[in-house]
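Structural overview
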Amino acid sequence: MTIKVGDTLPSTTFRVMTADGPKPKTTDEVFKGKKVVLFAVPGAFTPTCTKNHLPGFVTNAAAIKAKGIDAIAVTAVNDPFVMGAWKAAAGSDDIEFLADGSADFAKATGLELDASAGGLGIRSKRYCMVVDDGVVKSLSIEDAPGKADASGADALLKSL
């Protein structure tokens, strides 16, 4: 069952890259007591994710936060090493990169994408949500993994 507006996020654990290597970070640590924009991509370094989806959030991070958002995070079904490298390549400290390597969060929210036919296994659907203290306040899910329109930073800014 897919998570919907008004639902509380499930408790799962992401991995984040730190100077000391990968460390766990729970959903409570990411979302509790904060208003957070979370966007998800099927895979770090993939064309649509890297060229179309992530750049809008990097460019518009200050404008998004000026609308009352405390933090911006991106998640993908990739390991923390890949997510750390993607963060370095993006050159942004305004976005937290959350590795969901085993798709635990994607599955728990019902937002997993089976990309096995393309050799990519289980991934995350592409979406953007606003979460206030762990509760989903808005959710925009793309109807195709190669699109980044409804879940992009421009659409988010218009809705805030």
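Read on for an overview of the structure. (Residues numbered from 1 in each chain as written. Predicted model: local features only at pLDDT ≥ 70, side-chain atom pairs only at ≥ 80, totals over all residues. Heavy atoms only, no water.)

**Topic: the overall build of the chain**
Looking only at helices and strands, one finds five helices and nine strands in the chain. Across the chain, helices and strands are ordered from the amino to the carboxyl terminus as β-β-α-β-α-β-α-β-α-β-β-β-β-α. Relative to its 160 residues, the chain shows a buried fraction of 43%. Here the contacts in the chain between residues at least 6 apart in sequence split such that 61% fall between residues at least 24 apart. (Helix = DSSP H or I, 4+ residues; strand = E, 2+ residues; numbered from the N terminus. Buried < 20%, exposed > 50% of the residue type's maximum accessible area, 1.4 Å probe, protein only. Contact = heavy atoms within 4.5 Å.)

**A few points about the nonpolar core**
By size, the foremost hydrophobic cluster in this structure holds 23 residues, and its most contacted members are Val 37, Phe 39, Phe 57, Ile 64, Ile 72 and Trp 86. When residues of this core are traced back to their parent elements, those giving at least two are β3 (35-41), α2 (47-65), β4 (71-76), α3 (80-90), β5 (95-99), β8 (127-132) and α5 (153-159). Top element by residues in this core is α2. It accounts for five residues. For Phe 39, the residues in contact, after removing those within four places along its chain, are His 53, Leu 54, Phe 57, Ile 72, Ala 73, Val 74, Thr 75, Ile 95, Tyr 127 and Cys 128. One finds Ile 3, Phe 105, Met 129 and Val 131 within the second-largest nonpolar core, a separate group that totals 17 residues. (Core = buried A, V, L, I, M, F, W, Y, C linked by side-chain atoms within 4.5 Å.)

**Quick word on unusual backbone geometry**
The backbone of Phe 45 sits at a positive phi, close to 70°, despite the residue not being glycine. Here Phe 45 shows up in the loop between β3 and α2. Assessed through its relative accessible area of 44%, Phe 45 is described here as partly exposed.

**Quick word on the side chain of Thr 27**
Turning to its location among the elements, Thr 27 is positioned in helix α1 (residues 27-31). Classification of Thr 27 by relative accessible area gives buried; the value is 7%. Residues within four places of Thr 27 in sequence aside, it is in contact with Pro 10, Ser 11, Thr 12, Phe 14, Lys 32 and Phe 105.

**Digging into α3**
Looking at α3, one finds that the buried residues are Pro 80, Met 83 and Trp 86. All buried residues of α3 project into a common sector of 120° when viewed along the axis, lining one side. With respect to the buried face of α3, the exposed residues turned more than 90 degrees away are Phe 81, Ala 88 and Ala 89. Tucked inside the fold, the buried residues of α3 contact β1 (13-18), β2 (21-26), β3, α2, β4 and β5. At the N-terminal end of α3, a side-chain oxygen is found 2.8 Å from the backbone nitrogen of Phe 81, two or three residues along, and the residue is Asp 79. (Arc of directions from axis to C-beta. Polar contact = N/O pair within 3.5 Å; in protein donor to acceptor, adjacent residues only side chain to side chain.)

**Here we look at the pattern of salt bridges**
In this structure the tally under the stated criterion is four salt bridges. We note a salt bridge from Asp 7 to Lys 4, for which the minimum N-O separation is 3.3 Å. We classify Asp 7 as partly exposed; its relative accessible area is 22%. Notably, a salt bridge pairs Lys 87 with Asp 93, separated by 4.0 Å at the nearest N-O pair. Its relative accessible area of 29% is what places Lys 87 among the partly exposed residues. When its relative accessible area of 72% is taken as the criterion, Asp 93 is described as exposed. (Salt bridge = Lys/Arg side-chain N within 4 Å of Asp/Glu carboxyl O.)

**What about α2?**
Its 19 residues give α2 an end-to-end C-alpha distance of 26 Å, which sits within 8% of 27 Å, the value for a rise of 1.5 Å per residue. By the largest-angle criterion, Thr 59 marks the main kink of α2, which is about 55°. Those residues of α2 that fall on the buried side of the exposure criterion are Thr 48, Cys 49, His 53, Leu 54, Gly 56, Phe 57, Asn 60, Ala 61 and Ile 64. In this fold, the buried residues of α2 make contact with β3, β4, α3, β5, β8 and α5. (Expected span 1.5 Å × (residues − 1). Bend = angle between axes of the 7 residues up to and from the residue.)

Purely spatial values, then, with no claim about function.
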